[in-house]
Amino acid sequence: MADDHKGRVDELSGVETTGHSWDGLEELNNPMPSWWLYTFYASIVFAIGYMVLYPSWPVGGEKDHLKGTLAWNARDAVNKAVKDAAAAKDPMVKKLMATDISAVRNDKALARFAGRSGKAAFGDNCAPCHGSGATGSKGYPGLVDDDWLWGGTLEQIQHTIKVGIRSEHDETRNNSMAAYGDDELLDKTKILNVASYVLSLSGHGKEVGGDIAAGEAVFKETCVSCHGPEGKGMQKQGAPNLSDDIWLFGGKPADVIATITHGRKGLMPTWEGRLDEATIKALAIYVHNRGGGQ
Amino acid sequence: MNSPVSKPEPDITFFEEHKKVYPKKVSGTFRQIKWAILVLTLGVYYLLPFVRWNRGPNAPDQAVLVDMHHTRLYFFNIEIWPQEVYYLTGLLIAAALLLFMMNAIAGRLWCGYLCPQTVWTDLFMSVERFFEGDRRDRLALDNGKMTVSKFFKKLGKHFTWLMIAWWTGGAWVLYFNDAPTTVYELATFTAHWEIWMWIGILTASTYLFAGIAREQICIYMCPWPRIQAAFTDDEALNVTYRWDRGEPRGSVKTNKALLAEGKPAGDCIDCNQCYEVCPTGVDIRKGLQLDCIMCGLCIDACDSVMHKVGKPHGLIAYDTDLNIERRLKGEPEQYHPIRIRTVAYAIFIAAIMGGMAYSLMHRETFGLNVLHDRNPLYVKLSTGGIRNAYTVRLLNKERETKRFAIGIEGIEGITLKVIDIDNYKDGKAVVEVEPDRTREIRVLAFTPKGTKVGVSNPVTLTLTDLDTGIVSKTSDYFKGPRP
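All of these numbers come straight from a predicted model, not from anything done at the bench.

Concerning the overall build of chain B
Then step 1. Counting secondary structure elements, chain B contains 16 helices and 15 strands.
Then step 2. A globule of 483 residues ought to have a C-alpha radius of gyration of about 23 Å, yet chain B, at 33 Å, is considerably larger.
Then step 3. Projected onto the principal axes, the alpha-carbon positions of chain B cover approximately 110 × 70 × 60 Å.
Then step 4. Within chain B, buried positions represent 25% of all 483 residues.
Then step 5. The contacts in chain B between residues at least 6 apart in sequence include a share of 69% that link residues at least 24 apart.

Describing the packing of helix α4 (residues 154-163) of chain A against helix α9 (residues 277-289) of chain A
Between two packed helices, what matters for the description is the angle formed by their axes and the separation of those axes.
Residues and elements named next belong to chain A.
Then step 1. Here α4 crosses α9 at 125°, and the two axes come no closer than 9 Å. With respect to α9, the axis of α4 lies oblique. Both α4 and α9 take part in a crossing whose hand is right-handed. Along the contact surface, α4 presents L154, I157, Q158, I161 and K162, while α9 presents I280, K281, L283, A284, I285, V287 and H288.
Then step 2. Grouping the constituent residues of the contact of α4 with α9 by class yields eight nonpolar, two polar and two charged.

Examining the interface of chain B and chain A
Then step 1. Contact with chain B, which involves 16 residues of that partner, is made by 18 residues of chain A.
Then step 2. Elements that contribute at least two residues to the side of chain B that touches chain A include exactly β7 (379-380), β8 (386-396) and β13 (437-447) of chain B.
Then step 3. Grouping the amino acids of the side of chain B that touches chain A by side-chain chemistry returns nine nonpolar, three polar and four charged.

A look at the environment of I352(B)
All names here are of chain B.
Then step 1. Inspection of the secondary structure puts I352 in helix α16 (residues 340-362).
Then step 2. The class of I352 is partly exposed, set by 18 C-beta atoms lying within 10 Å.
Then step 3. Sequence separation of I352 and L91 is 261 residues, and the distance between their C-alpha atoms is 8.1 Å.

Things to note about the sheet that holds strand β12 (residues 428-433) of chain B
Residues and elements named next belong to chain B.
Then step 1. Reading across the sheet, the five strands line up as β11-β12-β9-β14-β15 and stay open at both edges, with antiparallel pairing between neighbours. Each edge of the open sheet carries a strand with a single partner, namely β11 (424-425) and β15 (471-479).
Then step 2. Relative to β15, strand β14 (residues 456-465) runs antiparallel, the two being bridged by nine bridges. Counterpart to L463 in the pairing with β15 is S472.

Describing the pairing of β14(B)
Residues and elements named next belong to chain B.
Then step 1. Taken together, the six bridges between strand β9 (residues 402-409) and β14 define a ladder with antiparallel strand orientation. Bridging across to β14, I408 finds its partner in L461.
Then step 2. Here β14 hands over to β15 after five residues, with G469 in that stretch at a positive phi of 85°.

Looking at the domain arrangement of chain A
Residue and element names in this part refer to chain A.
Then step 1. In terms of domains, chain A is made up of domain 1 (76-158 + 270-289) and domain 2 (177-262).
Then step 2. Across the contact, nine residues belong to domain 1 and nine residues belong to domain 2.
Then step 3. Classifying every residue of the side of domain 1 that touches domain 2 by side-chain character gives four nonpolar, two polar and three charged.

Here's the deal with the nonpolar core
All names here are of chain B.
Then step 1. Counting residues in each nonpolar core, the largest one holds 26 residues, and the members touching the most others are C274, I284, L297, C298, A301, C302 and I316.
Then step 2. At the level of secondary structure, the elements contributing two or more residues to this core comprise α3 (109-114), β4 (238-241) and α14 (297-308).
Then step 3. Of the residues forming this core, the biggest block, six residues, is contributed by α14.
Then step 4. Structurally, this core is a two-domain feature, drawing no fewer than three residues from each of domain 1 (29-231) and domain 2 (238-328).
Then step 5. Setting aside residues no more than four positions away along its own chain, L297 makes contact with V26, F30, R31, V277, C278 and P279.

Observations regarding helix α4 (residues 116-132) of chain B
Structurally, the α-helix is built with 3.6 residues per turn, so residues lying three or four positions apart point the same way.
All names here are of chain B.
Then step 1. Here α4 spans 24 Å end to end across 17 residues, near enough to the 24 Å set by a 1.5 Å rise per residue.
Then step 2. Every buried residue of α4 is listed here: Q117, T118, V119, W120, T121, D122, F124, V127, E128 and E132.
Then step 3. Tucked into the core, α4 has its buried residues touching α1 (29-47), α3, α5 (135-143), α6 (148-174), α8 (193-213) and α9 (215-221).

Brief notes about the domain arrangement of chain B
All names here are of chain B.
Then step 1. Each domain of chain B was delimited in the assignment, giving domain 1 (29-231), domain 2 (238-328) and domain 3 (366-479).
Then step 2. Computed over C-alpha atoms only, the centres of domain 1 and domain 2 are separated by 33 Å.
Then step 3. At the interface, 19 residues of domain 1 touch 15 residues of domain 2.
Then step 4. Among the secondary structure elements, those contributing two or more residues to the side of domain 1 that touches domain 2 are α1, α3, α4, α9 and α10 (224-231).
Then step 5. In terms of residue count, α1 provides more of the side of domain 1 that touches domain 2 than any other element does, four residues in total.
Then step 6. Its residues assigned to classes, the side of domain 1 that touches domain 2 shows nine nonpolar, five polar and five charged.

Criteria and cut-off values
- Residues numbered from 1 in each chain as written.
- Chains lettered and ligands numbered in written order.
- Predicted model: local features only at pLDDT ≥ 70, side-chain atom pairs only at ≥ 80, totals over all residues.
- Helix = DSSP H or I, 4+ residues; strand = E, 2+ residues; numbered from the N terminus.
- Rg over C-alpha atoms; globule rule 2.2 N^0.38 Å.
- Buried ≥ 20, exposed ≤ 12 C-beta atoms within 10 Å, placed from the backbone.
- Contact = placed C-beta atoms within 7 Å.
- Axes fitted to C-alpha atoms, helices over the stretch in contact; angles between N-to-C directions.
- Parallel < 35°, antiparallel > 145°, perpendicular 65-115°, else oblique.
- Left-handed = near helix turned anticlockwise from the far one by under 90°.
- Nonpolar A, V, L, I, M, F, W, Y, C, P; charged D, E, K, R; others polar.
- Pairing = 2+ DSSP bridges.
- Domains from an automatic or database assignment.
- Core = buried A, V, L, I, M, F, W, Y, C linked by C-beta atoms within 7 Å.
- Expected span 1.5 Å × (residues − 1).

What follows is the structure, encoded as structure tokens:
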């Protein structure tokens, strides 16, 4: 009925219709509200200004575009933000570099800064192996307990982070737990016996099933040079304490036997050169303050 | 095509044109009350920031100050820290209940007398009356052509309005900054741009709301009239036209003639004074309505007219519709300002205010907030013991450096160590906190080997003020492995 698309004046409102009809429903052809139109025009003006000032049209090839008179781009903005943040931190970083690591605690603001930046650096660099809570896992030492392979003082922790373990660093920390089984230095019985003795130091010797006394003899002969006469370990050589309840590679009989048979060679990269000195210092303070520091 | 369209109502509109209200000057009891409230509230508002209050050194000496920068709120001898913002919550709840109670007793007391919108509008109207004269003059002025005299009247009015509005914003910023300093900075144009911005915002809103928009704010913008309408009940007093006495209305002459004929005639002489004095342009004789802010000015107007025609006052008065029905039936009037609802509000308000007063008087000037480490929850030590770690924030609300001893109890043999603290006394760590500051410390708690530690054990962290011996306690948990 309204195929001719011709409007008519609606008698109810006195407004012309669009001429479209859907099942008898028609649409009034009211003009746009003026506030709406002005907003629309204003946004067109804004868009023109925006196109002049900011990067807009992709002209000049696939990867090129109009730069805009302000020459703004996201990468520069990020770089500037990073630079500004570094500049803002600079006085504290310099102070941290100049302060002896054991004296940082005397300056509350500096200690706070070191703790906070250490936490951030730990999350970025250390958490993948040691865990976000620094609890570690099998093969990756926990840093929150009081058991330290290479020592838990501020200086020792700082040095370990710096040089790493079995890393490319010239002064790298290096311990050597030989593969006594693979290299046929001890036979299977001796390994079983020595494992029994080692676990007996923490009260679990009977669970292994070997001869503890015979194991002690093997231990005295083979292991004391690193782990000490009472199996308490030696931090200078990175030899773990075997008399406590904390086991880096597992404390079950099978774990201990595997360790003696195949040896263990844990790795930690050197962070010198990858992280600056202040960050390493902050990291050492953060790790120390988790609770296990000595 | 013949669509069955019915003819529309001719005067149907969806938009109410703004009709400017020209309230007439009025005098009487309620006008006096309103003037008194205006002087009192605006006086307090403009002058309170200048009141000084000695809090000793290192503290602001302004009696009422919201110190955003240091996150402190000062109110005479009360000092609120951000973690005590519940006092503000309590105050707001009590204020809401007070609003409900006022509403249950006598309708829109808030709207009519106390609301800033009403008070400032009143002030702006009196300025308008000073420059442009009363209702009749203002109507003539607005309908007349622009003349030099009209221009200067309008200029004077708007300039004075803007001055008042500017001082309204000016006083507002003084609540957030030291008042004398800020006044000096404003006078020498050295104030921070934010101060100018806030004054600008409040100048604009005051000028717009009290000068231009006025009753439009109450009728269209404010939610309270709607809420109030849902809250009110039959017993609440409202500004009421007693139509039982007033109707049928008519001029003095007409009504006299009606009476002479032995026909009924009301007291209302239809002089329209109640309408002409109304600041929102309401005819109260149409009954209770949303636009009426119940300021009582029509009562004043009507009373003075009744006085002139020698009839008793109170043709318009605070009354209820129930009483109108009672009078029509010949029953005596009844008023119930004290009823279950109002008493309940009073009890709630008293309970909240009492509770807040009690807690304000007994609150500690120091304390500790404890956050247990989440990762790891506990650490097994090489000794066989268990260690838990807590981040503890110590609060010192006093004006001097305080020495506290922090300890932990609740498990046999539990000991404590605080990172970077070397001073221990009776197994408790001695920590200093600077005046009016908090200090975050890391507390390690240890249980010795062999102690039975469940998954979660309640423990108490204690903080002892070493000068007074007063102890503040906080409960937390000591976590251990599953047995």
